[in-house]
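# A structural walkthrough
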Amino acid sequence: MVQIVHLNGQFLPLEEARIPVLDRGFIFGDGVYEVIPVYSRHPFRLQDHLKRLQHSLDGIRLANPHSDVEWTALVRELIARNEGEDQYLYLHITRGVAKRDHAFPKDTPATVFMMSSPLLPPDPVLRQNGVAAITAVDNRWLRCDIKAISLLPNVLLRQLAVDAGTAETVMLRDGFLSEGAASNIFVVRDGILLAPPKGPLMLPGITYDVVLELAAANNIVFHVEPVAESILRSADEIWLTSSTKEILPITHLDGHAVGSGTPGPLYRKLDQLYQDYKATIMRQPSS
Ligand code: PMP
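### Observations regarding the packing of aromatic side chains
For the structure shown, the criterion picks out 7 aromatic pairs. Ring centres 5.5 Å apart and planes at 80° place the aromatic pair Tyr39 and Phe44 in the edge-to-face group. Centre to centre, the rings of Phe186 and Trp239 are 6.0 Å apart; their planes meet at 35°, and the pair counts as tilted. Placement of the pair is Phe186 in strand β10 (residues 184–189) and Trp239 in strand β13 (residues 237–242), with a sequence separation of 53 residues. Here Phe186 falls in the buried class, since its relative accessible area comes to 0%. Put simply, the rings of Tyr39, Phe44, Tyr274 and Tyr277 touch in pairs and so form one group of aromatic residues. The ring of Phe104 carries Arg95 above its face, with NZ or CZ at 3.7 Å from the centroid.

### Some details on the domain arrangement of the chain
When the domains of the chain are assigned, the result is domain 1 (4–118) and domain 2 (124–280). Computed over C-alpha atoms only, the centres of domain 1 and domain 2 are separated by 26 Å. In total, domain 1 and domain 2 occlude about 1,800 Å² of area from one another, counting both sides; carbon and sulfur atoms represent 64% of this. Among the residues of domain 1 in contact with domain 2, Tyr33, Arg45 and Arg52 are the three that bury the most area, contributing 36% of the side total. The tally of links between domain 1 and domain 2 comes to 1 salt bridge. With a closest N to O distance of 2.7 Å, Glu213 and Arg45 form a salt bridge. For the side of domain 1 that touches domain 2, the secondary-structure elements that each account for two or more residues are β3 (31–39), α2 (46–59) and β5 (87–94). Counting residues per element, the side of domain 1 that touches domain 2 draws most heavily on β3, which supplies 7 residues. Of the residues belonging to the side of domain 1 that touches domain 2, the class tally is 9 nonpolar, 9 polar and 5 charged.

### A few points about the site of the ligand
Close to the ligand lie 16 residues; Arg52, Lys147, Glu179, Thr207 and Ser243 are nearest. Taking Ser183, its main chain carries an N or O atom lying 3.5 Å from a nitrogen atom of the ligand. Within the backbone of Ser243, a nitrogen or oxygen atom sits 2.8 Å from an oxygen atom of the ligand. For the ligand, the accessible surface in isolation is 390 Å², of which the surrounding protein chains cover 92%. Every element with two or more residues in the shell around the ligand is listed here: β9 (176–180), α6 (206–217) and β13. The residue makeup of the shell around the ligand, split by class, is 4 nonpolar, 9 polar and 3 charged.

What counts as what
Residues numbered from 1 in each chain as written. Predicted model: local features only at pLDDT ≥ 70, side-chain atom pairs only at ≥ 80, totals over all residues. Heavy atoms only, no water. Phe/Tyr/Trp six-rings, centres within 6.5 Å; stacked < 30°, edge-to-face > 60°. Helix = DSSP H or I, 4+ residues; strand = E, 2+ residues; numbered from the N terminus. Buried < 20%, exposed > 50% of the residue type's maximum accessible area, 1.4 Å probe, protein only. Lys NZ or Arg CZ within 6 Å of the ring centre and 35° of its normal. Domains from an automatic or database assignment. Buried area = accessible area lost by both parts, 1.4 Å probe. Salt bridge = Lys/Arg side-chain N within 4 Å of Asp/Glu carboxyl O. Nonpolar A, V, L, I, M, F, W, Y, C, P; charged D, E, K, R; others polar. Near = heavy atom within 4 Å. Polar contact = N/O pair within 3.5 Å; in protein donor to acceptor, adjacent residues only side chain to side chain. Areas by Shrake-Rupley, 256 points an atom, 1.4 Å probe, with all protein chains shown as cover.

Pasting the structure below:
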């Protein structure tokens, strides 16, 4: 399978895509990105992803190189040029190629890179049995709402989970839950779904929004409020959410069972609602 990518206005095989070493993405990690799942060739919640991309670009003071209409056309062409009904798209925008200097370069075009990869559904065994996670102190910066390509803290935090033989690192900042190294985290306690509020300390997940919309539409009681460490540690259920992992139950945290140690009833309900919602998206005609 030849993977076709987009680089600065051109579609070409991944192996042929090259960027200069002075690209500020390479030198400084000076850029932002998006990950968009595609189901049956339909980009999932594209407008929401483009809105979050604009928020990230505004956060790093980089002009958007494309209008939403242009992005939509590029996304559709990238999907069409790649194999597979289900894909995930990676969009990466940097502050371009310039002499190495921290301050912004003048009149330098942004670098735009887009890639499609096969999207595999989450392992049914993980949805059935749940995953283990560890906790760690959230030592990232104070603008975690920007989807920045400089992911070194997230890389180190996720590696802690891998080293411990677990699936994710759940982060705590000042005694409160923030998010996972590459996911948002929900908690269920006494039948109520709890979600940390959006703000500068977590990425506003698209899957997070979908979960809360589905909860609201299905009379599931939820509170968007700060989640203290004690609540996390006495949770009946913990879930992680992300565009590629969807919703997964965390059944063990720091080696202790969460609730009964098996996926809980509210997880089962929300996961089913999420699968149904995805199915309606897939049935929509392409626009
Ligand atoms: N937080 C972080 C740090 C992430 O990397 C991700 C995954 N991109 C998420 C949350 C979940 O966001 P989404 O649901 O939009 O994939």
